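# Analysis of the macromolecular model
Letter by letter, the chains look like this.
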Amino acid sequence: MSWNFKDWYRHRILENESIPDDLWKKTLAQLGFLRGLSPIELKRLRECVTLFLHAKQISGAHGLIVTEEMHVVIAAQACILILNLDLDYYDGWVEIIVYPGEFIRDYEYADEAGVVHHASEPVSGESWLGGPVILSWEDAAAVGAGVGYNVVIHEFAHKLDMLNGDANGSPPLHAGMSQQAWSEVFSKAYADFCVEVDAVEAMIIDSHIEHDIDPGLGSYIDPYAAESPAEFFAVMSEAFFEMPLVVKIHFSAVYEQLALFYRQDPAQRWIES
Ligand SMILES: [Zn+2]
């Protein structure tokens, strides 16, 4: 084996900053979507988490104290995306800010007359291009329910998407992957999904059902994915890891592209586990 400086440096971090066994076991028990990972993959994930925690600075906001346990829970979710890629995929920024719960995002938008309005809304996560990832701890900890919701995976998928500029649903693909295939598959799936969401919403309005009732899309994918191609990619990434069989059955072409990009086949892991 020929070692370069990066390998040597990483080896030193792994030797000196390894995660305690009991904390690691507790984290794995908490994160059900990691089921089916082989012992080799779990070892690699644990190493990735150690290196991630060395490289990133996680701080609490609004008085939240971020414990060691919280550090590992967040890092393990962030690292599942790059398990078969490299920590370099998260280079270029350092900070993760954690709020106790949802936080307020301020934004501007122009209406049809071109008038710019200032608005704010509560959100559970946010990723900035070249800047921090911001998370709600209440949401980051609410994993394992098997409903496909995972704010950490969502925000870190945006980070991967932003490796080639603004988030647009198209991260930099690996050699051997086809940009054309990716664009065609995602464009079609996104358009079909938007039609489905619109139809369900129209049905809800027609039938005067309360708006806070879950529209109950047949695919179980969060309707927020219809917001934009970037959100579609992030929501599909959540579902790919949290409920891979649903994605494989309802969005098989999307599943295939995500499996190529993440270099993982979580549906197979779930079947075998
Ligand atoms: Zn998003």
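Along each chain, residues carry numbers from 1 onward, in the same order as the chain's sequence is written. Where local features are concerned, this predicted model is filtered to residues with pLDDT of at least 70; where side-chain atom pairs are given and counted, the filter is 80 or more; whole-chain, interface and lining totals use all residues. Calculation of side-chain values draws on the structure's entire complement of heavy atoms; hydrogens and water are dropped beforehand.

Glancing now at the pattern of salt bridges. A pairing counts as a salt bridge when a side-chain nitrogen of Lys or Arg comes within 4 Å of a carboxyl oxygen of Asp or Glu. Tallied over the entire structure, the rule returns eight salt bridges. Note that Asp-21 and Arg-46 form a salt bridge whose closest N and O atoms lie 2.6 Å from each other. Taken together, the residues Asp-21 in helix H2 (residues 21-30) and Arg-46 in helix H3 (residues 39-55) connect sequence positions 25 residues apart. Where salt bridges share partners, they join Lys-6, Arg-10, Asp-86 and Asp-88 into one cluster. A run of DSSP states H or I qualifies as a helix once it reaches four residues; a run of E qualifies as a strand once it reaches two. Both are numbered from the N-terminal end.

With that out of the way, let us pick up the sheet that holds strand E2 (residues 95-99). Two strands form a pair only when DSSP identifies at least two bridges running between them. Pairing is mixed across the open sheet formed by four strands, whose spatial order is E1-E2-E6-E5. Two strands bound the open sheet, and with one partner strand each, they are strand E1 (57-60) and strand E5 (125-127). Strand-to-strand, the axes of this sheet are offset by a mean angle of 15°, without reference to chain direction. Across four bridges, the pairing between E2 and strand E6 (residues 133-136) is parallel. Each bridged residue has a counterpart across the sheet, and for Val-98 the counterpart in E6 is Leu-135. In this analysis an axis means a line fitted to C-alpha atoms, helices contributing only their contacting stretch, and an angle means the value between N-to-C directions, from 0 to 180 degrees.

Further remarks concern the packing of H3 against helix H4 (residues 68-80). Orientation of H3 relative to H4, taken along the N-to-C sense of each, is 115°, at an axis distance of 9 Å. Regarding H3 and H4, the two cross each other, and that crossing is right-handed. Contacts between H3 and H4 pair Leu-45, Cys-48, Val-49, Phe-52 and Leu-53 from the former with His-71, Val-72, Ala-75, Ala-76, Ala-78, Cys-79 and Ile-80 from the latter. Basically, the charged four are Asp, Glu, Lys and Arg, the nonpolar ten are Ala, Val, Leu, Ile, Met, Phe, Trp, Tyr, Cys and Pro, and anything else, Gly included, counts as polar. Residue classes in the contact of H3 with H4 are distributed as 11 nonpolar, one polar and no charged. By definition, any crossing whose near helix is turned counterclockwise from its far helix by less than a right angle is left-handed, and any crossing with a clockwise turn is right-handed. Whether two residues are in contact is decided by their heavy atoms: any pair within 4.5 Å suffices.

This part takes up helix H6 (residues 151-161). Only protein chains enter the accessibility calculation, which uses a 1.4 Å probe; a residue is then buried when its area is under 20% of its type maximum, exposed when over 50%, and partly exposed in between. Most of H6 is tucked away, with 11 of its 11 residues classed as buried. Within the sequence span of H6, burial applies to Val-151, Val-152, Ile-153, His-154, Glu-155, Phe-156, Ala-157, His-158, Lys-159, Leu-160 and Asp-161. In protein, a polar contact requires one atom able to donate a hydrogen and another able to accept it; more generally it is a pair of N or O atoms within 3.5 Å, and residues adjacent in sequence count only if both atoms are side-chain atoms. One side-chain oxygen at the N-terminal end of H6 lies 3.1 Å from the backbone nitrogen of Val-152; it belongs to Asn-150.

Here the zinc ion is held by the protein donor atoms His-154 (NE2), His-158 (NE2), Glu-231 (OE) and Glu-231 (OE), which lie 2.0 to 2.7 Å from it. Sites may look incomplete, because water is not among the atoms used; the donor set itself consists of N, O and S atoms within 2.8 Å of the metal (3.2 Å for Na, K and Ca). For four-coordinate sites, all angles between 85 and 135 degrees define a tetrahedron; for four- and six-coordinate sites, opposite donors beyond 155 degrees with the remaining angles between 65 and 115 define square planar and octahedral shapes respectively, and all other cases count as irregular. Classification of the site at the zinc ion rests on its four donor atoms, whose angles at the metal span 53 to 142°, yielding the label irregular. Sequence spacing of the donors to the zinc ion: H-x3-H-x72-E. Here the residue His-154 occupies a position in helix H6, and Glu-231 occupies one in helix H8 (residues 229-242), the gap between them amounting to 77 residues. For the pair formed by His-154 and Glu-231, the shared burial category is buried.

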